[in-house]
Amino acid sequence: MLTISPKEIPVAKLHSYLLGAIAPRPIAFASTIDAEGVPNLSPFSFFNVFSANPPILIFSPARRVKNNTTKHTLENVLEVKEVVINVVSYNMVQQMSLSSTEYPKGVNEFEKAGFTMVKSENVKPFRVGESPVQFECKVTNVTALGKEGGAGNLVICEVVKIHIDETVLTEAGTIDQHKIDLVARAGGSYYTRAKEGFFEIPKPLTSLGIGVDALPFEIKNSAVLTGNHLGMLANVTEIPSKETVDKFLKEHPKYVNINTEEKHIFAKTFLEKNDVISAWKVLLMK
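Residues numbered from 1 in each chain as written. Predicted model: local features only at pLDDT ≥ 70, side-chain atom pairs only at ≥ 80, totals over all residues. Heavy atoms only, no water.

Asker: Describe the packing of aromatic side chains, listing the residues and the values that go with them.
Answerer: According to the stated counting rule, one finds six aromatic pairs in the structure shown. Put simply, the rings of Phe 248, Tyr 255, Phe 266 and Phe 270 touch in pairs and so form one group of aromatic residues. Stacked on the ring of Tyr 191, the Lys or Arg Arg 185 has its end atom at 4.4 Å from the ring centre. Its guanidinium or amino end placed over the ring of Tyr 90, Arg 193 lies 3.7 Å from that ring's centre, counting from NZ or CZ. (Phe/Tyr/Trp six-rings, centres within 6.5 Å; stacked < 30°, edge-to-face > 60°. Lys NZ or Arg CZ within 6 Å of the ring centre and 35° of its normal.)

In structure tokens form, the structure reads like this:
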């Protein structure tokens, strides 16, 4: 293990480690306006939702590491305490990246990046027409975390109006994670496209899984199954019965008389298809 004391390495190096390890991060595409009414648009990946009642979003425009200057977005929210946070979908990511260019103050990034300026209803900053969800927010507080380069500034925003493109909704009126097609930030120049990497983990909230500690020794110490696989197996409420396993064996004679390693390989195949019960049946065969 590489062990690091943050104060003993350059801030730029620390910044790289933090962003490479804490990823992917959602993107706040923040639209602000200065006291003279000049718009600004810039993305920030130090961002998330922190409360539903009241609805609070927080993003952090950090001081520049190289020269300790502040960004126009921070200066704007201190002048006009309003912001629109637009989410970023895959079909707008290249334009979003372009808008992150550090244009001089007064340059309209909406125009530079080719985005549509949409008038907001409750705040002065404009919305990004191409964004599938836009949050109009009042800035309730700005907390500086330091005065040196790399220091963040927490911009605490209360959502006062939400605009959602109906094409990303399901028939039930919820946001379809495939249709919204969000992107997120990773380390270096990397991004991730959420819907390309989707997988599901059943939430163990209403029922208790048997737990990894209840797994048979042979399974728990498998050289084939990973910790993720063990977690999936341990999230069942009960192990399949002998009758169920025998029936499965009759339906799949290819699993007869296979050794332990082969059983684990076949079980892994089922687990990677999210078929936990079939994996259990293979593992329990004698």
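Asker: Outline empty space enclosed by the protein, supporting the account with residue identities and numerical values.
Answerer: Using a probe with the size of a water molecule, rolled over the atoms, empty space left in the structure can be pinpointed. Evaluated as defined, the whole model comprises one cavity of 30 Å³ or more. A volume near 60 Å³ is recorded for the largest cavity. Around the largest cavity, the lining residues are Asp 34, Val 38, Pro 39, Asn 40, His 72, Asn 76, Tyr 103, Pro 104, Lys 105, Gly 106, Val 107 and Glu 109. Split into classes, the residues belonging to the lining of the largest cavity amount to five nonpolar, four polar and three charged. (1 Å grid on protein atoms, 1.4 Å probe; cavity = no way out; pocket = protein on both sides within 12 Å on 5 of 7 lines; lining within 4 Å. Points joined across faces, edges and corners; volume = space filled by probe spheres on them. Nonpolar A, V, L, I, M, F, W, Y, C, P; charged D, E, K, R; others polar.)

Asker: Outline the sheet that holds strand E4 (residues 55-59), supporting the account with residue identities and numerical values.
Answerer: Pairing is antiparallel in the open sheet, where seven strands are placed in the order E2-E1-E5-E8-E9-E4-E3. Edge positions in the sheet fall to strand E2 (39-44) and strand E3 (47-52), since each has one partner strand and no second. The sheet shows a mean angle of 30° between the axes of neighbouring strands, taken without regard to direction. (Pairing = 2+ DSSP bridges. Helix = DSSP H or I, 4+ residues; strand = E, 2+ residues; numbered from the N terminus. Axes fitted to C-alpha atoms, helices over the stretch in contact; angles between N-to-C directions.)

Asker: An account of the packing of helix H9 (residues 260-271) against helix H10 (residues 276-283) is requested, with residue identities and associated values reported.
Answerer: Taken N-terminus to C-terminus, the directions of H9 and H10 make an angle of 175°; their axes are 8 Å apart at the nearest point. Regarding the angle of H9 to H10, the classification is roughly antiparallel. Across the interface between the two elements, Lys 263, His 264, Phe 266, Ala 267, Phe 270 and Leu 271 from H9 touch Val 276, Ser 278, Ala 279, Val 282 and Leu 283 from H10. Looking at the contact of H9 with H10 residue by residue, the classes come out as eight nonpolar, two polar and one charged. (Parallel < 35°, antiparallel > 145°, perpendicular 65-115°, else oblique. Contact = heavy atoms within 4.5 Å.)

Structural measurements only, silent on function.
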